[in-house]
2 protein chains.
Amino acid sequence: MDKVITVSREFGSGGRELGVRLAEHFGIPFYDKELISMAADHADMAETAFQHYDEKLPDMHDPLDRHYYNPFSAVYKVPMSDQIFVAQSSFIRRLAEQGPCVIVGRCADRVLTDSVNLFIYAKMKDRVKRMVSLEPEADPQEMEKRIREVDRKRKDYYQYYTGAQWGRAQNYHLCVESGLVGVDGCLRAALAYLGEN
Amino acid sequence: MDKVITVSREFGSGGRELGVRLAEHFGIPFYDKELISMAADHADMAETAFQHYDEKLPDMHDPLDRHYYNPFSAVYKVPMSDQIFVAQSSFIRRLAEQGPCVIVGRCADRVLTDSVNLFIYAKMKDRVKRMVSLEPEADPQEMEKRIREVDRKRKDYYQYYTGAQWGRAQNYHLCVESGLVGVDGCLRAALAYLGEN
């Protein structure tokens, strides 16, 4: 593998697992939430800010984002969430320069220009089942609510920062549904697509 | 393979070739344009009508479709294109009852309820290149125009008859971009996804 692999994912469909296993297969670094503290370090900004604004849109009701809308404030001319997006994107590009890796989420498929882009998704019932098997104490109805909420945020975030449509097949090289064949089947398909085995 | 495989495709991306090779691999029947005359036979309607209305929307300027809009006509209460869609869909369901096969286009992914649905696509430049290599006398600019036109018709047709969004990853089980890895790579990915090799 001589390219960066990006994994976009519907919440609960197994994107992190697919990414980890691809990285293991190729023996290359894997970045998901790990990106947050690394990018914060790199930008010399507070990690808590990166955590708070990770994959989130500017919010007028958020005091740090609101400064943007306040013409009398000289502190922030750019909403905090936008600053974080810019810092994170520049960090993602720097990672990619260092060599092949797997990056999950954070619009990496649009931030980079020469990556191989995967999208993984599944029907709601299959995602609830998968998440409840990972968190047995979770209530399925609450889980479905959480899935819808996270998906909506990711979709809004992606569309706000990239102008592209989240989940449109043509944005990615390979899109795999994990309900029918599990993450195993998706991994097999991705490796075959990438010319492995 | 114990299921019907449907292949939706952007024009010029290699959908027919992918379908033929999948059918060969599994030793199951393949249907693309073949469906037209078979469905016409089955419905006891003229093959020319099926050809004319294949993957086309109702058109008010078409005399046979227009009857629909004429309250004094007793001949057709349903536009010809809709009649053909209904006849073709019922024929597709009948084919699926006979056992596994590969069906290209014609909304088969939505007409059937238990098929494995593939979508194949590629960037415009790669599709023009592929089509010009298959039809060396074709002019690349004219080819691009033709690709855009056929895509627009297919998209309108799909969205009109299914209410679903053409090319939305979540409508399909596996979506493959053929520009990066060719139809070969897409076939490998599809077979791996389906548990082959």
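Residues numbered from 1 in each chain as written. Chains lettered and ligands numbered in written order. Predicted model: local features only at pLDDT ≥ 70, side-chain atom pairs only at ≥ 80, totals over all residues. Heavy atoms only, no water.

Chain A carries the name Cytidylate kinase in an unreviewed UniProt entry, which gives Enterocloster lavalensis as its organism.

## Describing the pattern of salt bridges
Residues and elements named next belong to chain A. Under the counting rule described, the total for this entry stands at 26 salt bridges over all chains. Of the charged contacts, one joins D184 and R21 as a salt bridge, the two residues approaching to 2.8 Å between their closest N and O atoms. Here D184, found in helix α9 (residues 178–193), pairs with R21, found in helix α1 (residues 15–26); they are 163 residues apart in sequence, far enough to count as distant. On the accessibility criterion, D184 (44% relative accessible area) is partly exposed. A relative accessible area of 25% means that R21 is categorised as partly exposed. The shortest N-O distance in the salt bridge between R110 and D109 comes to 3.8 Å. Judged by its relative accessible area of 5%, D109 is buried. Salt bridges sharing common partners tie together E17, R21, R130 and D184. (Salt bridge = Lys/Arg side-chain N within 4 Å of Asp/Glu carboxyl O. Helix = DSSP H or I, 4+ residues; strand = E, 2+ residues; numbered from the N terminus. Buried < 20%, exposed > 50% of the residue type's maximum accessible area, 1.4 Å probe, protein only.)

## Some words on the interface of chain A and chain B
Counting residues at the interface gives 25 residues for chain A and 25 residues for chain B. Summed over the three residues of chain A that lose the most area to chain B, namely A:Q170, A:L180 and A:Y193, the buried surface amounts to 28% of that side. Run the count over chain A and chain B and you get zero salt bridges. Where chain A packs against chain B, one counts 17 residue pairs in polar contact (both at pLDDT 80 or more). In terms of residue count, the dominant contributor to the side of chain A that touches chain B is α9(A) (eight residues). Split into classes, the residues belonging to the side of chain A that touches chain B amount to 14 nonpolar, six polar and five charged. (Contact = heavy atoms within 4.5 Å. Buried area = accessible area lost by both parts, 1.4 Å probe. Polar contact = N/O pair within 3.5 Å; in protein donor to acceptor, adjacent residues only side chain to side chain. Nonpolar A, V, L, I, M, F, W, Y, C, P; charged D, E, K, R; others polar.)

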